[in-house]
Amino acid sequence: YHVIAARVYSTNLTTGAVATAQGSNVTINTSTGTVKGTSNNTPSNIVNVNIPASNGVVHVIDTVLLP
């Protein structure tokens with residue numbers, strides 16, 4: 001639920017719903033720097049971005065996303 005099936009850097013993020021590899025959506029808000037799962041009451045803050053990985057790029061958030 002925390003994976004998007006693409007290599008997306010922070011400069012390419014847009015506000016709105018994004019499909020996850022699991023099949024659900026998360027909602028990204030670029031103006032507040034947050035991401036929210038469908039069942040989360042409050043959004044998670046994006047605290048670090050663009051960490052390279054062998055199979056993508058990592059953006060660190062401060063809470064768990066709930067489908």
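None of the values given here were measured: they were computed from a predicted structure.

Cut-off values and rules
Residues numbered from 1 in each chain as written. Predicted model: local features only at pLDDT ≥ 70, side-chain atom pairs only at ≥ 80, totals over all residues. Heavy atoms only, no water. Core = buried A, V, L, I, M, F, W, Y, C linked by side-chain atoms within 4.5 Å. Buried < 20%, exposed > 50% of the residue type's maximum accessible area, 1.4 Å probe, protein only. Contact = heavy atoms within 4.5 Å. Helix = DSSP H or I, 4+ residues; strand = E, 2+ residues; numbered from the N terminus.

Student: Tell me about the nonpolar core, and please be specific about residues and values.
Tutor: Formed by Tyr1, Leu13, Val18, Val26, Ile28, Val35 and Leu65, the largest nonpolar core amounts to seven residues. Not counting residues up to four positions away in its chain, the partners in contact with Val35 are Val26, Thr27, Ile28, Pro43, Ser44, Ile46, Ile61 and Leu65.

Student: Could you give me a rundown of the environment of Leu13, with the residues and numbers involved?
Tutor: Following the sequence through the fold, Leu13 ends up in the segment before strand 1 (16-19). In this structure, the C-alpha to C-alpha distance between Leu13 and Ala53, residues 40 residues apart in sequence, is 18 Å. Residues contacting Leu13, with those up to four places away along its chain left out, are Val8, Ile28 and Thr30.

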